[in-house]
Amino acid sequence: MKRKLTHLIFIVALLSQHTITAQFVQRATFPTNADYTSQYAEWVDADNDGALDVLIFATDTDGSWFLEWYRNENLDFVAQPVVATQLTDASFLIADYDHDNRLDIIASGKDYGTDKTKVFINNGDFSFISSDLLSARGETIALADLNADGRSELILSSSAPPAINIYQMQDDAWQLVSDSIRVFAKSIATYDFNLDTYVDMLVSGESEDGSPVQLILANRKGFSFVEGTPLSAIRNASLAMADFDRDGNPDFLVTGEDAGGQPKSLLYRGSGTLNPAVRDTTLSDNVITHLFAADLTSDGLVDVNVVSTLAADTENRVLVRGGDETILPSDDWIHQRFGDADADGDLDLVEVLDGAFTYFENTTARVNEGPVGPSKVLAALLYDRLFIYWVDGVDDYTPPAALTYDLVLSGPGEEIISGNFDLGSARRLNVAHG
């Protein structure tokens, strides 16, 4: 994946390349199921055929959540059987839960008033098998290997009371191993920010007293975390991570509103420490409600998409690195997601509307070739640690330091680490940085 940008652009005049305009052309509109109200969408290759399908998360009049799938058949998106989650007040995470190279859906919510977290195991044909995981609920869900044993822990964050709870798989069941972090994380990004081989957490949400906060939780080698100095206190914040300066360290944007209700945006520059440098940046004159960062113009530079509102008006802009911007349609807008639907190397767009979704093709003229993978891979097992070496891959626009990698690690009879790409077609199964 690569990156993008949106509006008045001071998001750093790092590198001044010439501007390429992002052009999105409407190709088709497809009706959604009239029995449900669409809430948001994701791109997911549910059947591992190399083409990203559309998943729409929707609710009925009782607040129950449903999964509407639309199979990508040469860009004709064909409705598949709707999956009922039997949950209200639900949150979702897309991940390969059972390590079979197919993306599953983890759901957490209320099952007839009882807190429950369950997983929908993907059969590969748009049918799913539901299995209960926990009698607990998280309003935010994440998976990450927090103790460096090669296996992911389950992270659930709730608002009442504010908490981040960490569960470890023990004897085929999730067991609570940490409940001491008193923060309600509305979003969680995991990365080894200080490069000590242990994954930290970047969270945005509310502290125990209800005040807004964005901070890095430093991993102290396992399930103990130290809260760093709050980075910012932006309300109703949206967060996006991307390598804006292409140095191999992820940077992140935080945008929302300040204590006075005015638009506020900050760019944090990662440097391999827990104290990223920060600068103010202007993305919109209005409060931003939707943020996405990736390369939308196939030039190897991060662009930004922002959706902002003022009264009843919605603005939908792509801010292109270099100063240009593209206005996207916003009539009847509910939600949108970028993804490479036609597998040509650039990110297309699906907009969720009232009763339908629309597919837009990214017609940027520049061709974005896929990277050449790493070579001379060597691995060595030393005690309980696996060390892997490779020669960097090569990309047409992205420098080697900024390339990211998906790793698949298999042991006897099991896949320990799953990459988010199909092992057959070598295409990504969803839209995410490696």
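Report follows, based on the coordinates.

Parameters at a glance
Residues numbered from 1 in each chain as written. Predicted model: local features only at pLDDT ≥ 70, side-chain atom pairs only at ≥ 80, totals over all residues. Heavy atoms only, no water. Core = buried A, V, L, I, M, F, W, Y, C linked by side-chain atoms within 4.5 Å. Buried < 20%, exposed > 50% of the residue type's maximum accessible area, 1.4 Å probe, protein only. Helix = DSSP H or I, 4+ residues; strand = E, 2+ residues; numbered from the N terminus. Contact = heavy atoms within 4.5 Å. Pairing = 2+ DSSP bridges. Axes fitted to C-alpha atoms, helices over the stretch in contact; angles between N-to-C directions. Phe/Tyr/Trp six-rings, centres within 6.5 Å; stacked < 30°, edge-to-face > 60°. Patch = residues over 30% accessible without salt bridge, like charges linked within 9 Å, V, L, I, M, F, W, Y side chains within 5 Å. Areas by Shrake-Rupley, 256 points an atom, 1.4 Å probe, with all protein chains shown as cover. Salt bridge = Lys/Arg side-chain N within 4 Å of Asp/Glu carboxyl O. 1 Å grid on protein atoms, 1.4 Å probe; cavity = no way out; pocket = protein on both sides within 12 Å on 5 of 7 lines; lining within 4 Å. Points joined across faces, edges and corners; volume = space filled by probe spheres on them. Nonpolar A, V, L, I, M, F, W, Y, C, P; charged D, E, K, R; others polar.

All right, on to the nonpolar core then. In this structure, L55, F57, L67, W69, F92, I94 and I105 are the most contacted members of the largest nonpolar core, which totals 19 residues. A total of five residues in this core trace back to one element, the largest contributor, which is strand β6 (residues 83-95). The contact partners of L67, leaving out residues within four places of it in the chain, are L55, I56, F57, P81, V82, V83, T85, F92 and I105. Counting residues in hydrophobic clusters, the runner-up holds 16 residues, among them A144, I155, I164 and V183.

For strand β27 (residues 348-353), the buried fraction is high: six of the six residues fall into the buried class. On β27, burial covers both faces: D348, V350 and V352 on one face and L349, E351 and L353 on the other are all buried. Across six bridges, strand β26 (residues 333-339) lies against β27 in antiparallel orientation. Following the sheet pairing, R337 is matched in β27 by V350. Both β27 and strand β28 (residues 356-362) contribute to a ladder of five bridges, which runs antiparallel. Bridging from a neighbouring strand, V350 pairs with Y359 of β28. In this antiparallel pair of consecutive strands, β27 and β28, the connection spans two residues, and G355 shows a positive phi of 85°.

What follows concerns the sheet that holds strand β24 (residues 313-319). An order of β22-β23-β24-β25 is seen for the four strands of this open sheet, with the pairing classed as antiparallel. The open sheet is flanked by β22 (287-294) and β25 (325-327), the only strands paired with a single partner. Mean inter-strand twist for the sheet, computed between neighbouring axes without regard to direction, equals 20°. When β24 meets β25, the two strands line up antiparallel, connected through three bridges. The partner of R317 across the bridge, within β25, is I327.

Within this structure, the stated rule accounts for 20 aromatic pairs. With a centroid separation of 4.5 Å and an interplanar angle of 15°, the aromatic rings of Y40 and F57 are classed as stacked. Here the residue Y40 occupies a position in strand β2 (residues 37-44), and F57 occupies one in strand β3 (residues 53-59), the gap between them amounting to 17 residues. The structure contains a cluster of three or more aromatic residues connected by ring pairs, namely F30, W43, Y70, F77, F357 and Y359.

A cluster of nonpolar side chains, contributed by V377, L381, L386, I388, W390 and L407, occupies part of the molecular surface with about 510 Å² of accessible area. By residue number, the principal contributor to the nonpolar patch is strand β30 (residues 385-391), which donates three residues. With respect to the helices and strands, W390 occurs in strand β30.

Counted by the stated rule, this structure contains two cavities of 30 Å³ or more. One number sums up the size of the largest cavity: a volume of about 50 Å³. Lining the largest cavity are Y191, F193, N249, P250, F252, G270, S271, G272, T273 and P276. Here the lining of the largest cavity is composed, by residue class, of five nonpolar, five polar and no charged.

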